[in-house]
Amino acid sequence: MNNAKLAAIMTCHNRKETTLACLRLLYQHNVKIDVYLVDDGSSDGTSNSVESAYPEVNILLGNGNLFWGGGMRLAFGEALKQDYEYYVWLNDDTMLAPDAINKLLQIHNNLAQQGHKDTIIVGSTQDPMTGSATYGGAVRSKHWYSNKFEFVPPGEEPQQCDTMYGNCVLIPNSVAQKVGNLDPAFIHTFGDLDYGLRAKKLGCTVWTSPGYIGTCSKNSVRDSWADTKLPIHKRLQKVTQIKSFPVRAWTIFTRRHSGPFWYLYWFLPYIRAIIGYKNLQASATFSDD
């Protein structure tokens, strides 16, 4: 598996030291991997520092308005032109364990031998300080609001999921050829969830790997639309912003994945912003850049 042709897909913005730390750990893996990194308008010298430390990285420049979805789509699109065997989505704040990539490759190989074709393998992460689970595979909630997705805690064996959070994901070329790139409708949020759900509709499967492949802190709700300490009008302002539930993207997501009564689910995050997080636990969850 070490001879597989891989591409790492990354995007970053103004956290130079974090990006460099992620790359350092990535390059310690015993695999040959080409990195496609979008620097989305950083002003802290990220591109120059990466080019100096890792001149082999393919750096693509954004204008500061790509966010997670746009940056990952740009990097993924460039890598897709080269027809790699595997593509690894990697958030630049995800710090990989030394065997993470080989672990994902081995799980994919094992599942293929068991007859599971066109499989996406998702790596689970944990908080570096507390050890609590943060990101990984996701399943549709069993509650009546079907546009809520819940994290799947990693077990001792691979587990099949409905979709994934895009912090560390292995996508084989067979899946990439079926599903294509991330949807440009999703500027920052929902792109990873949408990709996994579209893959399933096309006959692919999504699996979460056993254990953890590294660390990644979960963003705090403080000063966000879910922060009940903020006044209602502030929460309503924040809930429609790009990193939350922008109206156009949320409309597309719910219409595509929430069934004939999608318009009922559409209202939920905005109602939740008014009532408060503790009073209404109903909305889709998404990964951060």
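Preceding this paragraph is the structure being described.
Keep in mind the model is a prediction, meaning the values are calculated, not measured. (Residues numbered from 1 in each chain as written. Predicted model: local features only at pLDDT ≥ 70, side-chain atom pairs only at ≥ 80, totals over all residues. Heavy atoms only, no water.)

Undergrad: What's the story with helix 3 (residues 67-80) in this structure? I'm lost.
TA: Counting along an α-helix, one turn takes 3.6 residues, and residues three or four places apart therefore face a common direction. Between its first and last C-alpha, helix 3 extends 20 Å over 14 residues, near the 20 Å set by a 1.5 Å rise per residue. Those residues of helix 3 that fall on the buried side of the exposure criterion are W68, G69, G70, G71, M72, A75, F76, G77 and A79. (Helix = DSSP H or I, 4+ residues; strand = E, 2+ residues; numbered from the N terminus. Expected span 1.5 Å × (residues − 1). Buried < 20%, exposed > 50% of the residue type's maximum accessible area, 1.4 Å probe, protein only.)

Undergrad: Looking at this structure, I do not really get the packing of helix 6 (residues 191-201) against helix 8 (residues 247-257). What am I missing?
TA: Pairs of packed helices are described in terms of their axes, by the angle between the two and the distance that separates them. In the contact formed by helix 6 and helix 8, the axes pass within 11 Å of each other and the chain directions differ by 25°. Viewed along their axes, helix 6 and helix 8 adopt a mutual orientation that is roughly parallel. Here the hand of the crossing between helix 6 and helix 8 comes out left-handed. Here helix 6 contributes L193, D194, L197, R198 and K201 to the contact with helix 8, which in turn contributes F253, R256 and H257. Looking at the contact of helix 6 with helix 8 residue by residue, the class counts come to three nonpolar, one polar and four charged. (Axes fitted to C-alpha atoms, helices over the stretch in contact; angles between N-to-C directions. Parallel < 35°, antiparallel > 145°, perpendicular 65-115°, else oblique. Left-handed = near helix turned anticlockwise from the far one by under 90°. Contact = heavy atoms within 4.5 Å. Nonpolar A, V, L, I, M, F, W, Y, C, P; charged D, E, K, R; others polar.)

Undergrad: I would appreciate a short explanation of the nonpolar core in the present structure.
TA: In terms of nonpolar packing, the biggest core is built from 31 residues, with L6, M10, L26, V35, L96, I101 and L170 touching the most fellow members. Elements supplying a minimum of two residues to this core: strand 1 (6-12), helix 1 (16-26), strand 2 (33-40), strand 4 (86-90), helix 4 (100-113) and strand 12 (168-172). The element best represented in this core is helix 4, accounting for six residues. Aside from chain neighbours lying at most four places away, what touches L26 is A8, M10, I33, V35, L90, L96 and I101. Grouped together as the second largest cluster of nonpolar side chains are 28 residues, L60, A75, C161 and V206 included. (Core = buried A, V, L, I, M, F, W, Y, C linked by side-chain atoms within 4.5 Å.)

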